[in-house]
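Secondary and tertiary structure notes
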Amino acid sequence: MEEKEITVNIKKYNEKDGAFWKSYKLSVDKYTQMTEVLRRIKSEQDPSLAYRASCHMAVCGSCSMKINGIPSLACRTMALQSADEKNELNVESMDYYPGVRDLITDIDVFYDKIYQVMPRLIPDDSIVSGEGEQRMTPEDQTEVWKFQECIYCGLCVSACPSVKEDEKFLGPAAHAKGFRFVDDDRDTKKQERLDLLMDSAFRCTSCYMCYEVCPQDVQPVIAIKKTRNYLDDYKGDTPVTIMARKHDDAVEDLIETTGKIKESSLYLKTFGFGEAMKDAVNMFKSGKFKYAFEKDSNVKNMEEIKKLMGEKK
Ligand code: SF4
Ligand code: SF4
Ligand code: FES
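Scope of this entry: the structure provided in the associated data block. (Residues numbered from 1 in each chain as written. Chains lettered and ligands numbered in written order. Predicted model: local features only at pLDDT ≥ 70, side-chain atom pairs only at ≥ 80, totals over all residues.)

1. Some details on the overall build of the protein chain
For the protein chain, the helix and strand inventory stands at 14 helices and seven strands. Oriented by its inertia axes, the alpha-carbon framework of the protein chain measures out at about 70 × 65 × 40 Å. Considering the protein chain as a whole, with its 313 residues, one finds that 28% of them fall into the buried category. Taking the contacts inside the protein chain whose residues are at least 6 apart along the sequence as the reference set, 62% of them involve residues at least 24 apart. (Helix = DSSP H or I, 4+ residues; strand = E, 2+ residues; numbered from the N terminus. Buried ≥ 20, exposed ≤ 12 C-beta atoms within 10 Å, placed from the backbone. Contact = placed C-beta atoms within 7 Å.)

In structure tokens, the structure reads:
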């Protein structure tokens, strides 16, 4: 099979020297995985190179890193396909997690967040004692199946901007795991689970990075949106969920009266005049104040909108 020489630039790291880039050249064919590239670099050129990999088939979740800036599993990435027109590619450790050495990071913070959501089914006592039987329909299983496919690779959390900014946010993987049990009728702790998840669910910015990078198509952002759907029945409000309720009401009110979501009105209705004024000062400083007054007309055929809203109720 035809081979090509590629240059792999690896951002190495150790406590003594800090971070530095080192380049390696080797020949690969179109089926060479990045884990194979790293194995060959380590065994043929640089025994000091540190990285994690085990299954080489996207199952164990251990080979997470950034390849050309994209959070990826090395074993799912073909070297030649990822190389640029000069046949070069860059490999770094994941963002967010503290570096241990080279491509290895310490992902304890990832597991801490998973543990916080009670990541186990807690069934009725009769089931635990073996006296009862609780079945799940195939339809119900389909609903939760996607969210339990996580291989704990940590890529979604490393790509999530909200995790980096907000320490109270549980992060995408923990939300997928937590919601998987909220939506399982065999579980007995739905309310406690919502207490753990609801406030955090509204700290996600819906940027969909977790959706983009997940190698298992777990779609954590969808789990977060589904958790938010429980807000109407949820009793344990926090300042964040109170704001979320105001936001929901404002969206509904705006669509009912204008046919669309007018961003500046939505902001004012959700956060109130005081908060809006604080941000107005920031907008003024950054030269964006003019956008707050952009003219935005109502939808013409409001009768159709009202019919749709009526159908919704
Ligand atoms: S959609 Fe939410 S959870 Fe996913 S990466 Fe963006 S902020 Fe994080
Ligand atoms: S949800 Fe996806 S990206 Fe996140 S840890 Fe699980 S498998 Fe990895
Ligand atoms: S080596 Fe197991 S997921 Fe890549």
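2. Some points on unusual backbone geometry
Positive phi outside glycine occurs at Y152, with the angle close to 55 degrees. Within the element layout of this structure, Y152 appears in the loop between helix 5 (138–145) and helix 6 (155–159). Of note, S206 is a non-glycine position whose phi angle comes to about 55 degrees, a positive value. Considering the arrangement of structural elements, one finds S206 in the loop between helix 9 (190–201) and helix 10 (209–213).

3. Quick notes on the environment of K4
Along the chain, the position of K4 falls in strand 1 (residues 4–14). By the C-beta count within 10 Å, which is 13 here, K4 ends up partly exposed. A C-alpha to C-alpha distance of 5.2 Å links K4 and S27, two positions 23 residues apart in sequence. Dropping the residues within four chain positions of it, K4 is found in contact with S27, V28, L80 and N87.

4. Description of the sheet that holds strand 5 (residues 88–92)
Read across the open sheet, the five strands follow the order 2-1-5-3-4; overall the sheet is mixed. Here the strands that pair on one side only, and so sit at the sheet edges, are strand 2 (18–28) and strand 4 (70–73). Along the sheet, successive strands turn relative to each other by an average axial angle of 30 degrees, direction set aside. Relative to strand 5, strand 1 runs parallel, the two being bridged by four bridges. Across the sheet, the residue bridging to I10 is V91, located in strand 5. Relative to strand 2, helix 1 (residues 34–45) is tilted by about 100 degrees, and along the sheet it contacts strand 1, strand 2 and strand 3 (64–67). (Pairing = 2+ DSSP bridges. Axes fitted to C-alpha atoms, helices over the stretch in contact; angles between N-to-C directions.)

5. Quick look at the site of ligand 1
As a structural note, the neighbourhood of ligand 1 is formed by 15 residues, with C160, C204, C207, M209 and C210 the closest of them. Those elements that provide at least two residues to the shell around ligand 1 are helix 7 (161–165), helix 10 and helix 11 (220–228). Examining the composition of the shell around ligand 1, we find that three residues originate from one element, helix 11, more than from any other. Class assignment for the residues of the shell around ligand 1 results in twelve nonpolar, three polar and no charged. (Near = placed C-beta within 6 Å. Nonpolar A, V, L, I, M, F, W, Y, C, P; charged D, E, K, R; others polar.)

6. Thoughts on the site of ligand 2
The local shell around ligand 2 holds 16 residues, among which C150, C153, C156, C214 and V218 are the closest. For the shell around ligand 2, the secondary structure elements donating two or more residues are helix 6 and helix 8 (172–182). With three residues, helix 8 is the single largest residue contributor to the shell around ligand 2. Among the residues forming the shell around ligand 2, the class breakdown is 14 nonpolar, two polar and no charged.

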